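Coordinate analysis (summary)
Below are the chains, spelled out letter by letter.
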Amino acid sequence: MASRRSRRLGSLVPFAAAVVLLLLIASAAAAAAAGSPDRAGPARPPLVLPLTLAYPNATRLPASSARRGLGDGHNPNARMRLHDDLLTNGYYTTRLYIGTPSQEFALIVDSGSTVTYVPCATCEQCGNHQSESPNIIEAHDPRFQPDLSSTYSPVKCNVDCTCDNERSQCTYERQYAEMSSSSGVLGEDIMSFGKESELKPQRAVFGCENTETGDLFSQHADGIMGLGRGQLSIMDQLVEKGVISDSFSLCYGGMDVGGGTMVLGGMPAPPDMVFSHSNPVRSPYYNIELKEIHVAGKALRLDPKIFNSKHGTVLDSGTTYAYLPEQAFVAFKDAVTNKVNSLKKIRGPDPNYKDICFAGAGRNVSQLSEVFPDVDMVFGNGQKLSLSPENYLFRHSKVEGAYCLGVFQNGKDPTTLLGGIVVRNTLVTYDRHNEKIGFWKTNCSELWERLHISEVPSSAPSDSEGDMAPAPAPSGLPEFDVGLITVDMSINVTYPNLKPHLHELAELIAKELDIDSRQVRVMNVTSQGNSTLIKWGIFPAGHSNSMTNTTAMGIIYRLTQHHVQLPENLGSYQLLEWNVQPLSKRSWFRDHVVSILLGILLVVLLTLSALLVLIVWRKKFRGQAAYRPVDSAVPEQELQPL
């Protein structure tokens, strides 16, 4: 998704892709479910998958003790560290393993798509997708190789599918709103969802791409994981097999600090979760009954029918921003602008778009609500979802403390399209069985902790581990204020060439991490042939002796997501390891060394001043006693005997 305005909703063109095996599975599932209102049978443990960006690259924190919360009385079968920055790539990805032995792919989590597909080894027009495996240090460009999988079988041509030119294999084709497309053949193989999953590997049908265009060609991710409604959807296939219940949940992290979770299968709904009816007949996409939008507690003057035009109000995890019909967008824009008239309107970061941006709000996300108004989305049943500023704003990438509206006009299309930005830090449960969608405001970066799950094994079901396998970036930190962050960084420049630039490098790292240069210090340097290993220490700002978890996680996230860009003369770097230390691990003397030195200096100055005053006083006293009048009486002195 190279396009910043990326929209991933699939085309409504009915591309036929029925599969005989799927029909047999559906028939068997229907027979097994006869007489039962729940076609999925008894509640199954959900499958939890990671939502990651393309470059997880850090070491694992010690597991903190699980906290009770969302998962009380329930044991989800996976806990994954998740990494995201929705606006970096415009999407979230998860890891899927296909074949025997497994071949790993980073796939966009997309509720607006109904097919899961990956580039095929025979692809004649596929981009160079540079996704990075948690177990492979170097970037790679994976393509599925059917010949290397002992369990792969093509879906043979039949009367219920569109066949290839040789009429030997079923094909698929998908087109998207941002004018990208994917097409290829259908195959079936074993799919694994990672070692954390209690769900055993399952056979499933997927697309093997032969052609991709537009954003699909240029994006980092390898392909799409389709969670929409349809026979080829991974959700529909797993539900028809009876291995999970007919529900899934997504939880996207917030602004600056990411993290999140995807759960395939049912999970307990929090008591204060709000729901909206979702009508599967109304639209092929996941929709909600949006009736009103309130800005700062005041309803926009709009006919409620405006949110029910065409496909209605659609939720799409593969879309980055939110898009409103023209009249609704104008009303929303004006209402927000009127509430922030004290801020200066400025140009957006991209000259290709007429973004609506405001300067002077400050960098602290937690304080945005003091400047920008709260927004409420009111559903047909009267329940409402409250949105904080991070749910409709994105940071201006070129002006510090400036933000832009992440809500746009949906062209001439009357559909209301709600992308990932609207549900940041919100658990969204797609309860397909009960035809409703639930929303619960929470910290998605730490959701995996609140699922009350035990220790986490490694994340990839690979046959062998790399010698230096970086672990994922953090989605939560231990429950203490951080006193020090240490980072081991390998730079592919020899030490003699790097040594004169260490100060410059420290300032560059500080600038990229948006911290003071005095917080970044070299703790150790080791020459390793043609490269240099540096241990950096990142200290709290100013006179503070600790930093909050949020601050520490933001610093670590920027490092692990390669936000630090080195100039060409300094080569490239690889993040090998990071660690955090609590305040207690820093000595009292080190924390108070400045105060101690100032105290000692003050004592010395006071002592010297006192001595000086004493000397002057004594000299003055002696001088006064030495002079007497000539005629003054003096005591007679007794002569000493000879």
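Residues numbered from 1 in each chain as written. Predicted model: local features only at pLDDT ≥ 70, side-chain atom pairs only at ≥ 80, totals over all residues. Heavy atoms only, no water.

**Quick look at the overall build of the chain**
From N to C terminus, the chain includes 11 helices and 31 strands. Across the 642 residues of the chain, 53% fall into the buried class. Sequence-distant contacts in the chain: of pairs separated by 6 or more residues, those separated by 24 or more amount to 75%. If you sum the accessible surface of the chain, you get close to 29500 Å²; carbon and sulfur atoms cover 54% of it. (Helix = DSSP H or I, 4+ residues; strand = E, 2+ residues; numbered from the N terminus. Buried < 20%, exposed > 50% of the residue type's maximum accessible area, 1.4 Å probe, protein only. Contact = heavy atoms within 4.5 Å. Areas by Shrake-Rupley, 256 points an atom, 1.4 Å probe, with all protein chains shown as cover.)

**Points about helix α8 (residues 502–512)**
Of all the residues in α8, the buried ones are L502, L505, A506, L508, I509 and A510. Considering only its buried residues, α8 is in contact with β28 (482–491), α7 (495–498), β29 (520–528) and β30 (531–538). Where α8 terminates, the next one or two residues include D514, which has phi positive at roughly 60°.

**Remarks on the side chain of T486**
Of note, T486 is situated in strand β28. With near-sequence residues (within four places) excluded, T486 lies in contact with M523, W536, E577, W578, N579 and Q581.

**Thoughts on a nonpolar patch on the surface**
A cluster of nonpolar side chains, L597, I600, V604, L608 and L611, forms an exposed patch at the surface whose accessible area comes to about 470 Å². With respect to the element layout, L611 can be found in helix α11 (residues 593–626). (Patch = residues over 30% accessible without salt bridge, like charges linked within 9 Å, V, L, I, M, F, W, Y side chains within 5 Å. Salt bridge = Lys/Arg side-chain N within 4 Å of Asp/Glu carboxyl O.)

**Examining the environment of A322**
Here A322 is to be found in strand β17 (residues 322–324). With relative accessibility at 2%, the residue A322 sits in the buried group. Dropping the residues within four chain positions of it, A322 is found in contact with G406, V407, F408, L417, L418, G419, I421 and V422.

**Brief notes about the sheet that holds β28**
Spatial strand order, β29-β30-β28-β31: four strands in an open sheet with antiparallel pairing. Among the strands making up the open sheet, the edge pair consists of β29 and β31 (573–582). Averaged over all pairs of adjacent strands, the angle between strand axes in this sheet comes to 15°, irrespective of strand direction. Inspection of the sheet shows β28 paired to β30 by seven bridges, in the antiparallel sense. Bridging from a neighbouring strand, I491 pairs with T532 of β30. (Pairing = 2+ DSSP bridges. Axes fitted to C-alpha atoms, helices over the stretch in contact; angles between N-to-C directions.)

**Details of the pairing of strand β7 (residues 181–192)**
Counting buried positions along β7 gives 10 out of 12 residues, so the element sits mostly inside the fold. Examined bridge by bridge, strand β2 (residues 93–98) and β7 share two bridges and lie antiparallel to one another. In the sheet register, I98 faces β7, and the bridge partner there is M191. For strand β5 (residues 153–154) and β7, the ladder comprises two bridges, and the chain directions are antiparallel. If you follow S153 over to β7, its bridge partner there is E188. Strand direction decides the pairing type here: strand β6 (residues 171–175) and β7, joined by five bridges, are antiparallel. In the sheet register, T171 faces β7, and the bridge partner there is V185. Between β6 and β7, which pair antiparallel in sequence order, lie five residues; one of them, M179, sits at a positive phi of approximately 75°. When β7 meets strand β8 (residues 202–213), the two strands line up antiparallel, connected through 11 bridges. Paired with M191 across the two strands is Q202, which belongs to β8.

**Some words on the sheet that holds strand β14 (residues 290–295)**
Ordered by their spatial adjacency, four strands build an open sheet running β15-β14-β20-β21, and the pairing between neighbours is antiparallel. At either margin of the open sheet sits one strand with a lone partner, and together these are β15 (298–299) and β21 (384–387).

**Here we look at the state of the cysteines**
Should the sulfur atoms of two cysteines be covalently bonded, the bond is a disulfide. Applying the stated rule across the entire model yields six disulfides. Through a disulfide, C120 is tied to C208; the S-S separation comes to 2.0 Å. Between C120 and C208, the disulfide has an S-S torsion of 85° and is therefore right-handed. Note that C120 is positioned in the loop between β4 (117–119) and β5 and C208 in strand β8, a separation of 88 residues in sequence. Judged by relative accessible area, C208 falls into the buried class, the value being 0%. Counting its disulfide-bonded cysteines in sequence order, the chain shows a connectivity of 1-8, 2-3, 4-6, 5-7, 9-12, 10-11. (Disulfide = S-S within 2.5 Å.)

**Details of the pattern of salt bridges**
By the definition in use, this model includes 10 salt bridges. Residue E104 is joined to R95 by a salt bridge in which the shortest nitrogen-to-oxygen separation is 3.6 Å. Take E104 and R95: they sit in the same class, and that class is buried.

**What to know about the confidence of the model for the chain**
Here the chain averages 76 in pLDDT, and 71% of its residues register 70 or above. Contacts for the low-pLDDT stretch residues 132–139, under 50 throughout, to residues beyond four places or in other chains number 26 contacts. Overall, residues 452–479 carries pLDDT values under 50, and its contacts beyond four positions in sequence, including any with other chains, amount to 100 contacts. (pLDDT = per-residue confidence, 0-100.)

**Examining the packing of aromatic side chains**
Given two aromatic rings, their pairing is described by the distance between the two centres and the angle made by the two planes. Across all of its chains, the model carries 16 aromatic pairs by this definition. Taken together, a centroid distance of 5.7 Å and an interplanar angle of 65° make the contact between F248 and Y286 edge-to-face. Here F248, found in strand β10 (residues 247–252), pairs with Y286, found in the loop between β12 (274–277) and β13 (287–288); they are 38 residues apart in sequence, far enough to count as distant. Judged by its relative accessible area of 0%, F248 falls in the buried class. Where F372 meets Y403, the ring centres are 6.2 Å apart and the plane angle is 75°; that geometry is what we call edge-to-face. Of the two residues, F372 is situated in the loop between β19 (357–359) and β20 (375–379) and Y403 in strand β23 (residues 403–405); the sequence distance between them amounts to 31 residues. On the basis of relative accessible area, F372 is assigned to the buried category, the value being 2%. Three or more aromatic residues link up through ring pairs in this structure, and these residues are F105, F144, Y152 and F206. (Phe/Tyr/Trp six-rings, centres within 6.5 Å; stacked < 30°, edge-to-face > 60°.)

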